[in-house]
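Here's the letter readout for the chains.
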Amino acid sequence: ALREACGGRMFRLVGVLVSPDAGKTAILVSLYLLLSRGKLQDFKFADSGSLRAFDEISRGARRWNGGQPPEQMTNHTEDPDDRTAGFLHLRLRDRKSGARHDILLPDLPGEWSTSLIDSNRVDRLNFLKAADVIWITVDGRQLIQPQTRQQVLHRTGLLLQRVSEFLGPKVPPVFVVISHKDHGDPSEASLRKLQAEAARLNLAIKILQVASFSDNEAVAPGMGIAELIGASLASSSSTASASLWPDSVGTDGSRHFLNFRTREALS
């Protein structure tokens, strides 16, 4: 199992499911940039075993042309392997208690979630069985548009159903993460439909809104990211013990994207 494969240190594994272009990678980039500037409320950066990977996926957010932001702030996640999941690692320190938290975040193509919805393909998602919390990222831009709202609600409901069927009674806490808060808020009716579908499936969900980046002066870039991380660390589920990376003396550019290559490690 993944927990035994990592052996010794306490860590939290986040399962992330998302439709393509819903903003999952942007959330990871925003988290990385907030930490790098010491602006993640309640937490500060302690270490990472995948700094190079974070740097690669965030390079679009740091590339400017003549003072203008690029059209695409983050890179679209490509399928690194047809069978295995790649993971990003962060070690955070709680500013108040000093406690350290090791987090594993999968950087998966949105197409994996699409194939889960459309054809119930679960063979690449066995790591979800070890997850302490699951994020289901929803494109907030489409959720607030009348012409796309029903499709988003329908497919999000199907994704919740697939998760419930796959994990059975062992489903961890589920957060429905609505991206692009800077574009507006979804209607109360839409939120009630999501809650009702989750209740029908006997799932306890929490709905959070985030703005990884922002074109709206009233919404700060990174809004909601700290709350998402705090809630994910506080969620009630079993805690794992994993010796992922020892404390490092300094930051080494040779660190790289962690990829569990064996099916055994993900079973």
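Scroll up to find the structure.
Fair warning: this is a prediction, and the values are worked out from it, not measured in the lab.

A. Representation of the overall build of the protein chain in the model. Secondary structure summary: the protein chain contains eight helices and nine strands in total. Taking as baseline every contact in the protein chain between residues at least 6 positions apart, the subset at least 24 positions apart corresponds to 79%. As displayed, the protein chain has an accessible area near 12,600 Å², and 48% of this comes from carbon and sulfur atoms.

B. A look at the packing of helix H2 (residues 24-36) against helix H8 (residues 225-234). The contact between H2 and H8 brings their axes to 10 Å, and the two run at 95°. When the axes of H2 and H8 are compared, the pair comes out roughly perpendicular. Along its contact with H2, which presents Ile27, Ser30, Leu31 and Leu34, the element H8 presents Ile225, Leu228 and Ile229. Class assignment of the residues belonging to the contact of H2 with H8 gives a composition of six nonpolar, one polar and no charged.

C. Representation of the packing of helix H6 (residues 146-167) against helix H7 (residues 188-200). At a minimum axis distance of 10 Å, the contact between H6 and H7 shows a crossing angle of 20°. Viewed along their axes, H6 and H7 adopt a mutual orientation that is roughly parallel. In terms of crossing hand, the pair formed by H6 and H7 is right-handed. Mapping the contact onto sequence places Arg149, Gln150, Leu153, Thr156, Gly157, Leu160 and Gln161 in H6 and Ser190, Lys193, Leu194, Glu197 and Arg200 in H7. In the contact of H6 with H7, the residues fall into three nonpolar, five polar and four charged.

D. Molecular detail of the side chain of serine 113. In this structure, serine 113 sits in helix H4 (residues 110-119). Apart from the residues lying within four places of it in its own chain, the contact partners of serine 113 are Leu17, Val18 and Leu159.

E. Spotlight on the pattern of salt bridges. In total, this model carries eight salt bridges according to the counting rule given. In this structure, aspartate 102 engages arginine 91 in a salt bridge whose closest nitrogen and oxygen atoms are separated by 2.8 Å. In this pair, aspartate 102 sits in strand E4 (residues 100-106) while arginine 91 sits in strand E3 (residues 86-94), placing the two residues eleven residues apart along the sequence. With a relative accessible area of 3%, aspartate 102 lands in the buried category. Since its relative accessible area comes to 1%, arginine 91 is described here as buried. A salt bridge links arginine 141 to aspartate 139, with the nearest nitrogen and oxygen atoms 3.0 Å apart. Taken together, the shared-partner salt bridges connect Asp47, Arg91 and Asp102 into one network.

F. How the structure looks around the environment of leucine 35. Relative to the elements of secondary structure, leucine 35 occurs in helix H2. With near-sequence residues (within four places) excluded, leucine 35 lies in contact with Leu40, Phe43, Lys44, Phe45, Leu90 and Leu92.

G. Representation of H2. Spanning 13 residues, H2 covers 19 Å between terminal C-alpha atoms, matching the ideal 18 Å at 1.5 Å per step. Most of H2 sits out of view: twelve of its 13 residues are buried. Those residues of H2 lying buried are Lys24, Thr25, Ala26, Ile27, Leu28, Val29, Ser30, Leu31, Tyr32, Leu33, Leu34 and Leu35. Downstream of H2 by one or two residues, glycine 38 has phi in the positive range, about 65°.

H. Seen up close, unusual backbone geometry. The phi angle at aspartate 42 is positive, at roughly 80°, despite the residue not being glycine. Look at asparagine 120: it is not a glycine, yet its phi comes out positive at around 55°. Tracing the sequence through the fold places asparagine 120 in the loop between H4 and strand E5 (133-138).

I. Quick look at H6. Here H6 is 22 residues long and its end C-alpha atoms lie 32 Å apart, about the 32 Å a rise of 1.5 Å per residue gives. Within H6, the full set of buried residues consists of Val152, Leu153, Thr156, Gly157, Leu159, Leu160, Arg162, Val163, Ser164 and Leu167. Of the residues flanking the end of H6, it is glycine 168, one or two places downstream, whose phi is positive at about 60°.

J. A look at the packing of aromatic side chains. Overall, the coordinates contain two aromatic pairs when judged by the stated rule. A ring pair is formed by tyrosine 32 and phenylalanine 54, whose centres lie 5.3 Å apart and whose planes are at 10°; its orientation type is stacked. Separated by 22 residues along the polypeptide, tyrosine 32 in helix H2 and phenylalanine 54 in helix H3 (residues 51-58) bring together distant segments of the chain. Pair check on accessibility: tyrosine 32 and phenylalanine 54 agree, each one buried. For the ring pair phenylalanine 87 and phenylalanine 127, a centre distance of 5.3 Å and an interplane angle of 90° mean the geometry is edge-to-face. Here phenylalanine 87, found in strand E3, pairs with phenylalanine 127, found in the loop between H4 and E5; they are 40 residues apart in sequence, far enough to count as distant. Grouping residues by exposure puts phenylalanine 87 and phenylalanine 127 together as buried.

What counts as what
- Residues numbered from 1 in each chain as written.
- Predicted model: local features only at pLDDT ≥ 70, side-chain atom pairs only at ≥ 80, totals over all residues.
- Heavy atoms only, no water.
- Helix = DSSP H or I, 4+ residues; strand = E, 2+ residues; numbered from the N terminus.
- Contact = heavy atoms within 4.5 Å.
- Areas by Shrake-Rupley, 256 points an atom, 1.4 Å probe, with all protein chains shown as cover.
- Axes fitted to C-alpha atoms, helices over the stretch in contact; angles between N-to-C directions.
- Parallel < 35°, antiparallel > 145°, perpendicular 65-115°, else oblique.
- Nonpolar A, V, L, I, M, F, W, Y, C, P; charged D, E, K, R; others polar.
- Left-handed = near helix turned anticlockwise from the far one by under 90°.
- Salt bridge = Lys/Arg side-chain N within 4 Å of Asp/Glu carboxyl O.
- Buried < 20%, exposed > 50% of the residue type's maximum accessible area, 1.4 Å probe, protein only.
- Expected span 1.5 Å × (residues − 1).
- Phe/Tyr/Trp six-rings, centres within 6.5 Å; stacked < 30°, edge-to-face > 60°.

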